[in-house]
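Structural characterization, general
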Amino acid sequence: MHAQIVLYDGFDPLDAIGPFEVLAAGAEMVAGDLAVTLVTADGPRSVTSGTRGLALAATATLDPSEPGCVIVPGASGPIVGDPDDGVETIPVLLARAAQTELTPLLHKAFANPDVTMAAVCGGSVIMAMSGLIEGRHAVTHHLGLDLLDAAGVRPVAARVVDDGDLVTAGGVTSGLDLALHLLDRFYGPRIAHAVEELFEYERRGTVWRPAGREPVEV
């Protein structure tokens with residue numbers, strides 16, 4: 001199984017590194033059954049994040065035929081500012097990523113029944129802008145929930161939302177919870193719990209799924 005974490009110019013470092021660390025630790029605990037790779041849509045390169053020029057090295061091209069999961073992080077940068085004045089706000093960075101070769105690769109990954117698609121923070125906005133998750137349940141950072149709604153996505157205000165082959169998480173640190181949930185889904189709770197113990201971190205909140213009884217408004 002292969003976990004591919006997508007990098008693009010302006011990505012948020014913790015959105016990528018949080019899941020990378022969790023999944024890499026899980027990979028050790030399943031004796032190498034899981035590979036974890038930083039990838040881009042255009043091959044191996046150094047990718048500059050949106051946080052003070054911090055760069056990470058992607059070592060491969062996103063391969064939508066690989067069984068496993070594809071994780072798309074959000075972006076980091078200013079929240080407000082006039083794009084016409086050259087301010088590269090987070091929505092601008094997300095829209096730019098959605099207009100690259102990343103989108104057709106994500107389309108192919110979504111079409112692969114052996115791939116679970118996942119996103120942290122603004123990663124789900126990229127998917128929404130690309131027309132990939134219309135009508136699906138998803139979450140992003142609370143400041144971006146209206147962007148999901150405008151794209152025809154059904155936003156859910158939960159830390160992690162599991163909509164089958166689409167698993168999304170809210171802002172920044174929720175990437176840890178998303179990766180632990182993926183380990184639980186793929187390998188069971190003992191592996192996820194062992195990583196929690198190693199990292200001295202416990203998952204927060206209830207993973208929302210479109211299942212069970214509808215709550216009555218009170």
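Note that this is a predicted model, so its numbers are computed, not measured.

Not every positive phi belongs to a glycine, and Val172 is a case in point at roughly 40°. Positionally, Val172 belongs in the loop between strand S11 (166-169) and helix H6 (174-187). Overall, Val172 belongs to the partly exposed group, its relative accessible area being 27%. Within the chain, Glu200 stands out as a residue other than glycine whose phi angle is a positive 50°. Examined against the element boundaries, Glu200 turns out to sit in the segment after helix H7 (189-199). With a relative accessible area of 75%, Glu200 lands in the exposed category.

Of the residues making up helix H3 (residues 102-110), those classed as buried are Leu102, Thr103, Leu105, Leu106, Ala109 and Phe110. Seen from one end, H3 has its buried residues packed into an arc of 160°, which puts them on one side. As for H3, its buried residues are in contact with strand S1 (2-6), strand S6 (68-72), helix H2 (90-98), strand S7 (115-120), helix H4 (123-129) and S11.

Pairing is mixed across the open sheet formed by seven strands, whose spatial order is S5-S2-S1-S6-S7-S11-S10. The open sheet has two edge strands, strand S5 (60-61) and strand S10 (160-162), and neither has a second partner. Pairing geometry for strand S2 (residues 35-40) and S5, over two bridges, is parallel. By the bridge assignment for S5, Thr40 is matched with Thr61. Relative to S2, helix H1 (residues 13-29) is tilted by about 155°, and along the sheet it contacts S1, S2, S6 and S7.

Let us look at the UniProt feature "domain: DJ-1/PfpI" (unreviewed entry) in the protein. Under the feature "domain: DJ-1/PfpI" (unreviewed entry), the UniProt entry names residues 106-184. For the annotated span residues 106-184, helix accounts for 37% and strand for 22% of the residues, and the straight-line distance between the end C-alpha atoms is 24 Å.

Turning our attention to the packing of H1 against H6. In contact at an axis separation of 8 Å, H1 and H6 are set at 30° when each is read in the N-to-C sense. By the angle class used here, H1 and H6 are roughly parallel. In the packing of H1 onto H6, the handedness of the crossing is right-handed. Touching Gly18, Pro19, Val22, Leu23 and Gly26 of H1 are Gly175, Leu176, Ala179, Leu180 and Leu183, all from H6.

In this section: a nonpolar patch on the surface. Together, Ile79, Val80 and Leu143 give the surface a local cluster of nonpolar side chains, amounting to about 330 Å² of exposed area. Locating Val80 in the fold gives a position in the loop between S6 and H2. Look at Val80 and you get exposed, because its relative accessible area is 68%.

For the rest of this paragraph, the subject is the pattern of salt bridges. The tally for this structure, following the rule as stated, stands at nine salt bridges. Note that Arg185 and Asp162 form a salt bridge whose closest N and O atoms lie 3.0 Å from each other. Here Arg185 is found in helix H6, whereas its partner Asp162 is found in strand S10, with 23 residues between them in sequence. A salt bridge links Asp184 to Arg203; the shortest N-O distance between them is 3.3 Å. One end of the pair, Asp184, is in helix H6; the other, Arg203, is in the segment after H7, with 19 residues separating them in the sequence. The exposure class of Arg203 is partly exposed, given its relative accessible area of 28%. Taken together, the shared-partner salt bridges connect Asp9, Asp42 and Arg45 into one network.

Moving on to the side chain of Arg159. Relative to the elements of secondary structure, Arg159 occurs in the loop between strand S9 (154-155) and S10. Once residues lying within four places of it in the same chain are set aside, the contact partners of Arg159 are Val139, Thr168, Ala169, Gly170, Thr173, Ser174, Asp177, Tyr201 and Arg204.

Given a rise of 1.5 Å per residue, 14 residues ought to cover 20 Å, and the 20 Å separating the end C-alpha atoms of H6 matches this to within 8%. Among the residues making up H6, those that are buried are Ser174, Gly175, Asp177, Leu178, Ala179, Leu180, His181, Leu182 and Leu183. Tucked into the core, H6 has its buried residues touching H1, S6, S7, S10, S11 and H7. At the C-terminal side of H6, Gly188 shows a positive phi close to 100°.

Conventions we followed
- Residues numbered from 1 in each chain as written.
- Predicted model: local features only at pLDDT ≥ 70, side-chain atom pairs only at ≥ 80, totals over all residues.
- Heavy atoms only, no water.
- Helix = DSSP H or I, 4+ residues; strand = E, 2+ residues; numbered from the N terminus.
- Buried < 20%, exposed > 50% of the residue type's maximum accessible area, 1.4 Å probe, protein only.
- Arc of directions from axis to C-beta.
- Contact = heavy atoms within 4.5 Å.
- Pairing = 2+ DSSP bridges.
- Axes fitted to C-alpha atoms, helices over the stretch in contact; angles between N-to-C directions.
- UniProt positions renumbered as here; feature names shortened; annotations may be inferred.
- Parallel < 35°, antiparallel > 145°, perpendicular 65-115°, else oblique.
- Left-handed = near helix turned anticlockwise from the far one by under 90°.
- Patch = residues over 30% accessible without salt bridge, like charges linked within 9 Å, V, L, I, M, F, W, Y side chains within 5 Å.
- Areas by Shrake-Rupley, 256 points an atom, 1.4 Å probe, with all protein chains shown as cover.
- Salt bridge = Lys/Arg side-chain N within 4 Å of Asp/Glu carboxyl O.
- Expected span 1.5 Å × (residues − 1).

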